[in-house]
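# Structure assessment
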There are 4 protein chains.
Amino acid sequence: MAGSSFGNIFRMTTWGESHGKGIGVVVDGCPAGLLLDEAKVQAYLDRRKPGQTRYSTPRKEDDVVEILSGTFEGRTTGAPVSMAVYNKSQRSKDYSSIAECYRPGHADYTFDKKYSFRDYRGGGRSSGRETIGRVAAGAVAEEILKELGINIYAYTRSVCGITIDDSRASRENIFKSPLFMPDPVASAKAEEALCKRMEERDSAGGIIECIVTGMPAGAGEPVFEKLDANIAKAVMSIGAVKGVETGAGFGVAGSSGSVNNDCFYNNGEKIIKKTNNAGGILGGISDGSDIIIRAAIKPTPSISRPQNTVNKTGDNIKIETKGRHDPVIVPRAVVVVETMVAAVILDMLMLSMTSRLDLIKRFFSL
Amino acid sequence: MAGSSFGNIFRMTTWGESHGKGIGVVVDGCPAGLLLDEAKVQAYLDRRKPGQTRYSTPRKEDDVVEILSGTFEGRTTGAPVSMAVYNKSQRSKDYSSIAECYRPGHADYTFDKKYSFRDYRGGGRSSGRETIGRVAAGAVAEEILKELGINIYAYTRSVCGITIDDSRASRENIFKSPLFMPDPVASAKAEEALCKRMEERDSAGGIIECIVTGMPAGAGEPVFEKLDANIAKAVMSIGAVKGVETGAGFGVAGSSGSVNNDCFYNNGEKIIKKTNNAGGILGGISDGSDIIIRAAIKPTPSISRPQNTVNKTGDNIKIETKGRHDPVIVPRAVVVVETMVAAVILDMLMLSMTSRLDLIKRFFSL
Amino acid sequence: MAGSSFGNIFRMTTWGESHGKGIGVVVDGCPAGLLLDEAKVQAYLDRRKPGQTRYSTPRKEDDVVEILSGTFEGRTTGAPVSMAVYNKSQRSKDYSSIAECYRPGHADYTFDKKYSFRDYRGGGRSSGRETIGRVAAGAVAEEILKELGINIYAYTRSVCGITIDDSRASRENIFKSPLFMPDPVASAKAEEALCKRMEERDSAGGIIECIVTGMPAGAGEPVFEKLDANIAKAVMSIGAVKGVETGAGFGVAGSSGSVNNDCFYNNGEKIIKKTNNAGGILGGISDGSDIIIRAAIKPTPSISRPQNTVNKTGDNIKIETKGRHDPVIVPRAVVVVETMVAAVILDMLMLSMTSRLDLIKRFFSL
Amino acid sequence: MAGSSFGNIFRMTTWGESHGKGIGVVVDGCPAGLLLDEAKVQAYLDRRKPGQTRYSTPRKEDDVVEILSGTFEGRTTGAPVSMAVYNKSQRSKDYSSIAECYRPGHADYTFDKKYSFRDYRGGGRSSGRETIGRVAAGAVAEEILKELGINIYAYTRSVCGITIDDSRASRENIFKSPLFMPDPVASAKAEEALCKRMEERDSAGGIIECIVTGMPAGAGEPVFEKLDANIAKAVMSIGAVKGVETGAGFGVAGSSGSVNNDCFYNNGEKIIKKTNNAGGILGGISDGSDIIIRAAIKPTPSISRPQNTVNKTGDNIKIETKGRHDPVIVPRAVVVVETMVAAVILDMLMLSMTSRLDLIKRFFSL
């Protein structure tokens, strides 16, 4: 229970440090029969790869995934799918500055407090590279969801305080923007603001939005295992996330019941909701409309400006983080949010299969 | 795994429906030796009791808790603490309107979709009365935390769009305000706005803030069992919550690294952070400063205005919810947020006891 | 995680002490739609009730179960089923002998070591009365299994060293024997031996066997969540059990592969095994033949002969347990084994529903 | 929850198939500060390596372990310890016989029933090679236990029906016997019997005993998470195990209370038990005496005699398993039992650290 596993039925267990031998994940509970190969998973990993635009670190990381178990003749077998991304070269960089001091906004201090020492190379276990395991596992989940007619996509909603205008946004635009913003006008403005931030040797945060379409009603368990509660945990567990909301989110605080309530309506074909302030979840259970989640991502803590901090011996010092870092991690985190949401959705869907005795009976007479 | 349990070591399991025989909780993993009696738990439950001010439903609910197991001679024994609040009278009200139709903003529709039928009396399992079990369990956690020098308090930060001004707020004011707002000026304004909302037969939402003081560094596990991730799940699992944030929360999205990073500083006595945008959590692990959480609560979905919806047979209808309901549930939810946070903090603290081999060795030689 | 919960999807959480206010259980994960009332559960509880024959304690315990939640209009709703058996009178017996000394074969010593004190009234949490919660929960599982065409029965295979002869045994005889032995000849002999043991103020142990018929192939997960591994845990967790085996059990140790291997055979209708040394489980997964489990039950530790032991202050003393106790608990434990096995079988069956992507797809298009 | 993880706090997750790319394990919850390198783990793995004596398969498997994460500068960091044994060459053997038919005593049939197809190469996920991951993880647990003064050892108690005589047995003899039998006389006899079995192209089973010394009282949780219940699950989850018992085990069935009860005794220094029929566990909690466990291992199902079975298309056929196989797997399973027991003991010890509020308070003031 040291926290490296996530999920109930579809369960991922990640391992690895930034500058160790590699990063990996074991996916247990993957149903048998899914067509799966490295290329499918790699496509997701490539979306979090650095060095693709000027807004991410120019470090060259060829994160090539290898499937070590759980597939046979191109399909998953029901056995755990172990995947690894080996680090090409274990860099013999000079980490003495990180080793001896506590970088503001990083986990150096808390790791030392918790474990009495830490693997300081590149952030060790608390590095953003840890998300490689999440994305590989979540990619498998997302591929399964596609088979069930459920699609998930995520994008950048806001960067540097510049927010998209939904009326200008379209899903096709997402991958045209280096920031994965679906509104070209906002994307251009945000790029401009970001460039300025970079000139100031500073960093930026933003908001990621994630949408799930084709969702059946009935996923999510009442009380503690609500669908939104599990999504909140999954998303908040991603390194730089400081807030999570569904549907109208924090906007509900100032709203009124008459405005915020989504009225049901029979459109002749099926029951829909006229609005979706609930974000597709009522009482913790999916209601059949799109699921809507947003996550707030903090500005990259590594900045090249000098900062005040203390070192291990308790002296007040000034540090300057060398090397170049992502001025904003939002674009690279988009796929992380998307795949974590996929993992939760799949897990809760599978859990929901045992809600009704009549359906269990039917299942066993299939 | 149908979702009625929460926690790893300190684990609560709730049961009961709004208008059934009662509501209860079993707390497993409560350490032996805590002084505990009904009065201690009742004090927490009384804070969520309705009918105390004009801003909560005038329904009379004498929620009297009974401890059924797990204590002996005034102390917890290590055995599960079972607590129940029996419903005084199983009301034979007329529920036909709820039984046959799907109230907007409620879980009627999703429960029917998930289970094919539901206990419609007063919302059944999805009623706000479900939180009685949470509060009773979390009260036990909070009492244990006090023994460890950790204090938790929560209050209303915003109602009807009226937000407190921190410079005017003080902890003593919380219980002087019928809305549990620590800023008297904001509280008065919010009451006014709320009265207007009530006249309009409408309802209001708000924001609850929760603070944990005296927190040691080192609680929370890296990657998936981060302290903030578990808090996010705990808080988001409370009925009307649509968003959760820690520290600067959604504010980080527009901030910059140089502003958002909390610099460490040795004040001569100990290492502190000059600011607390992180909300006391770095890399998912408590850093020793105060933990800060906020939750967005949606407006009460039950309003007495007529609303459009559908009934079970799929007809588009208009409903008017009879009876009086809380125009805002924020004040009553304050103690729910507080006690759920307490449960998580205790659970993660206990989990953190096995992080270091040297401390385990010392423990077994105590 | 203090151990009062069992199961993954179908999950029971028990509470209560022998002489406290009552004993109860919360069953979470019970699918909606099962016809359930108190009478159904009571029938199972009555099988463990004392005072029915001369071989069980004449204490009068009218263990009447009450369903507190989770049913509506006669059916389970999917919400947790809370059940309680309230203790009629909290007896003000004199427990000073138990309070101050460590009874051999009981958990007095280990509870004191673990918790520093204990509820000594009638054994407190470690009393056999704790199994009331298990039986009530397992009864629900067994009722669900019946709906799926799966039947479970258990009986006494051996008492006082007298073992049934399978050629004389029949299922109908089980309830005709006060010891629940299906072989009338062995039952008579065992009764005789037991009477002698009682005259000697001593107690006896025995072996319980449990059979599951109508089991589909495919339940049980490879590696750690094997069906037999979970059954072993479930059965070994029952108070007096000191050994568990499946199929040929410990008999395999002296056997050979050519004898122990069960050959598969197509009888024209379906694939069967000509023998069942595997006890219906291969590689941890049910193979479609009957599941066979046996449990060894130790002699009741409470005997009225004087025994050497120590008291709380460490003095070597002699104790004599007063009152009358079951000379053998095997007959009363039969239903406990049966219902615990039922709970595991149901849980593993429900878990097995997500093994194959093609079946998941079919389920969601039902 | 597909079953590849085991443990609560100290938690192992295994992956890999017999003839896939490799076998591995991720150990989560390993406390920081343990001196750990590959050599330490390898020593355990070498004890299950085949080809060491004439009683194990002459297949050459150089199972060399690699630590991929979780250590830094020679010590564990608290991060997951990922370990892998890569298969040297993915053999392109002819598996057509296994692929098309169901070997008696193997999991071929049940895997096909559960997943609709299987990785048939060398048994795939259900191969005995799966235990590599268990041994590597359990080795880490055993090394930690040594630091706490707890020692575990296991040996062969019986093979081919030949059982050791405790009066002749000594721990030093274990590794002198090719069968790991601590009684040289029994070992010689068992070897003889085994040779005969091999000539008959048949296989043998046996019994493994495991002893835990230096165990503190208080580990194990009441009711469902009893120490013996968790050990039973751990041991029964090992491939060929068909029975588990603690202390007097199945022997209790014919015993009496006066004989079976272990009397407590203060020997002037501390409280001991004069006998240990309980196997060191009372009420599911360790009592401070040695823990004693026995497991029954079935005869190797792979024998070179012709056997009747069916193939995938349902025809009754005769198969002859080619190649050479272990005539008895007991000796190689000794270290598997030992390390699985170690994993449970450590896990339950760590869980027991939160039993008492006073000790929790002391821990946090350390």
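Analysis parameters
Numbers given to residues run from 1 along each chain, matching the order in which its sequence is written. Key to labels: chains lettered from A, ligands numbered from 1, both in the order written. For this predicted model, a pLDDT threshold of at least 70 governs which residues receive local features, and a threshold of 80 or more governs which side-chain atom pairs are given and counted, while totals over whole chains, interfaces and linings are taken from all residues. Just so you know, side-chain values use all the structure's heavy atoms and leave hydrogens and water out. Strands here are runs of E lasting at least two residues and helices are runs of H or I lasting at least four, both read from the DSSP assignment and numbered beginning at the N terminus. Radius of gyration here is computed from C-alpha atoms only, and the compact-globule reference equals 2.2 Å multiplied by the residue count raised to the power 0.38. The criterion used for residue contact is that any of the two residues' heavy atoms lie within 4.5 Å. Using a 1.4 Å probe, accessible areas were evaluated by the Shrake-Rupley method; residue-level cover was limited to the displayed protein chains. His is not counted here, nor are the chain ends, while Lys and Arg score as positive and Asp and Glu score as negative. Here the site of a charge means atom NZ of a Lys, CZ of an Arg, CG of an Asp or CD of a Glu. When a carboxyl oxygen of Asp or Glu lies within 4 Å of a side-chain nitrogen of Lys or Arg, that pair is called a salt bridge. For every residue, the accessible area obtained with a 1.4 Å probe (protein chains only) is divided by the maximum for its type, and the residue is called buried under 20%, exposed over 50%, and partly exposed between those limits. Values of pLDDT, the confidence the predictor places in each residue, fall between 0 and 100. Only when DSSP finds a minimum of two bridges between them are two strands counted as paired. Take the accessible area each of two parts loses on contact, using a 1.4 Å probe, and add the two losses: that sum is the buried area. Distance and chemistry together define a polar contact, namely a pair of N or O atoms within 3.5 Å, with one atom able to donate a hydrogen and the other to accept it when in protein, and with adjacent residues in sequence counting only for side-chain atoms on both sides. Only residues with pLDDT of at least 70 in both copies count here: their C-alpha atoms drive the least-squares fit that superposes the copies. Each residue gets one label: Ala, Val, Leu, Ile, Met, Phe, Trp, Tyr, Cys and Pro are nonpolar, Asp, Glu, Lys and Arg are charged, and the others, such as Gly, are polar. Axis angles are defined between N-to-C directions and span 0 to 180 degrees, where every axis is a line fitted to C-alpha atoms and, for a helix, only to the segment in contact. Any Phe, Tyr or Trp ring, taking Trp's six-membered ring, that has another such ring centre within 6.5 Å forms a pair; planes under 30 degrees apart are called stacked, those over 60 apart edge-to-face, and the others tilted. Distance and angle both matter: a charge sits over a ring if NZ of Lys or CZ of Arg is within 6 Å of the ring centre and within 35 degrees of the ring normal.

Within chain A, the secondary structure is distributed over nine helices and 18 strands. Taken against the 2.2 N^0.38 rule, which gives 21 Å for 366 residues, the C-alpha radius of gyration of chain A at 22 Å falls within 12% of a compact globule. Expressed along its principal axes, the backbone C-alpha trace of chain A runs to roughly 65 × 50 × 35 Å. Partitioning the intrachain contacts of chain A with sequence separation of at least 6 by distance along the chain shows that 68% fall at a separation of at least 24. Put simply, chain A shows about 11500 Å² of open surface, and 49% of that area lies on carbon and sulfur atoms. Charge centroids of chain A, computed over 47 positive and 43 negative side chains, lie 3 Å from each other.

This brings us to the pattern of salt bridges. The tally for this structure, following the rule as stated, stands at 114 salt bridges over all chains. Close ionic contact of A:E130 with A:R134 constitutes a salt bridge, the shortest N to O distance being 2.4 Å. A:R134 matches A:E130 in its accessibility class, with the two residues each being buried. Between C:D326 and C:R332 there is a salt bridge, and its shortest N-O distance comes to 2.9 Å. Here the residues in one salt-bridge network are A:R157, A:D166, A:E209, A:E245 and A:R294, joined through shared partners.

Time to look at the confidence of the model for chain A. Do not read the fine detail of predicted coordinates wherever pLDDT is low. Residues at a pLDDT of 70 or more form 96% of chain A, whose mean pLDDT is 94. Across the interfaces of the predicted complex, the ipTM metric reaches 0.97, alongside a pTM of 0.97.

Okay, helix α6 (residues 227-236) of chain B next. Counting along an α-helix, one turn takes 3.6 residues, and residues three or four places apart therefore face a common direction. Burial runs high along α6(B): ten of the ten residues are buried. For α6(B), the full list of buried residues reads B:L227, B:D228, B:A229, B:N230, B:I231, B:A232, B:K233, B:A234, B:V235 and B:M236.

Another aspect to go through is the sheet that holds strand β9 (residues 162-163) of chain C. Spatial strand order, β9(C)-β8(C)-β10(C)-β16(C)-β11(C)-β11(D)-β16(D)-β10(D)-β8(D)-β9(D): ten strands in an open sheet with antiparallel pairing. Each end of this open sheet is capped by a strand with a single partner; those strands are β9 of chain C together with β9 (162-163) of chain D. Here eight bridges tie strand β8 (residues 151-159) of chain C to strand β10 (residues 206-213) of chain C, and the two strands are oriented antiparallel to one another. The residue of β10(C) that forms the bridge with C:N151 is C:T213.

A few words now on the interface of chain D and chain C. By convention, interface size is frequently given as the accessible area that disappears when the constituent parts associate. Between chain D and chain C, the residue contacts involve 103 residues of the former and 104 residues of the latter. Of the roughly 8200 Å² buried where chain D meets chain C, counting both sides, 63% is carbon and sulfur surface. On the chain D side of the interface with chain C, the three residues burying the most area are D:K114, D:F224 and D:K242, jointly 11% of the side's total. At the boundary of chain D with chain C, the tally comes to four salt bridges. Of the charged contacts in the structure, one is a salt bridge between D:E221 and C:K114, with a shortest N-O distance of 3.1 Å. Put simply, chain D and chain C have 46 residue pairs in polar contact (both at pLDDT 80 or more) between them. Judged from the three bridges that link them, strand β11 (residues 241-246) of chain C and strand β11 (residues 241-246) of chain D form a sheet pairing that is antiparallel. If you follow C:G243 over to β11(D), its bridge partner there is D:E245.

All names here are of chain D. Most of strand β8 (residues 151-159) sits inside the fold, with eight of its nine residues counted as buried. Both β8 and β9 contribute to a ladder of two bridges, which runs antiparallel. Within β9, the residue paired with S158 across the bridge is T163. Counting the residues that bridge the hairpin from β8 to β9 gives two residues, and of these C160 lies at a positive phi of roughly 60 degrees.

What follows covers the relation of the copies chain D and chain C. Both copies of the chain are tied together by a single rotation about an axis and a shift running along it. For these two chains of identical sequence, chain D goes onto chain C by a turn of 180 degrees and a shift of 0.0 Å along the axis, with RMSD 0.0 Å. When the rotation and shift are considered jointly, the pair of chain copies conforms to a two-fold rotation axis. Relative to the rotation axis, the C-alpha of D:K233 is the closest in chain D, positioned 2.4 Å from it. Of all interface residues in chain D, 100% are interface residues in chain C too; the two copies therefore contact each other through one and the same surface.

Moving on, we come to the relation of the copies chain C and chain B. Superposing chain C onto chain B takes a rotation of 180 degrees combined with a translation of 0.0 Å along the rotation axis, leaving an RMSD of 0.0 Å. When you check the interface residues of chain C against chain B, 100% turn up at the interface there too, and the contact is symmetric in its surfaces.

As a further point, take the interface of chain C and chain B. Taken residue by residue, the interface counts 43 residues in chain C and 43 residues in chain B. Taking both sides of the interface into account, the surface hidden between chain C and chain B amounts to around 3300 Å²; carbon and sulfur atoms contribute 60%. For the interface between chain C and chain B, the tally reads four salt bridges. Put simply, chain C and chain B have eleven residue pairs in polar contact (both at pLDDT 80 or more) between them. Counting only elements with at least two residues in the side of chain C that touches chain B, the list comes to β2 (11-16), β3 (22-28), β4 (65-67), β6 (75-76) and β7 (81-86) of chain C. Looking at the side of chain C that touches chain B, the element that brings in the most residues is β2(C), giving five residues. Considering only residue class, the side of chain C that touches chain B consists of 15 nonpolar, 16 polar and twelve charged.

Moving on: the side chain of B:N173. Residues and elements named next belong to chain B. Following the sequence through the fold, N173 ends up in the loop between β9 (162-163) and α5 (184-199). With relative accessibility at 16%, the residue N173 sits in the buried group. Among all residues touching N173, those that are not within four sequence positions of it are R168, M181, P182 and P184.

Here we come to the sheet that holds β2(C). Residue and element names in this part refer to chain C. Strand order across the open sheet formed by five strands is β1-β2-β3-β7-β4, with antiparallel pairing between neighbours. Both edges of this open sheet fall to β1 (5-6) and β4, since each of them pairs with a single strand only. In the sheet, β4 pairs with β7 via three bridges, with the strands oriented antiparallel. Of the residues in β7, the one forming a bridge with I67 is M83. Docked against the sheet, helix α4 (residues 131-147) engages β2, β3 and β7, running at close to 30 degrees with respect to β3.

So, about the packing of aromatic side chains. By the definition in use, this model includes 40 aromatic pairs over all chains. Grouped by ring-pair contacts, the aromatic residues A:F363, A:F364, C:F363 and C:F364 constitute a single cluster. A cation sits over an aromatic face here: C:K274 above C:Y265, 4.1 Å from the ring centre.

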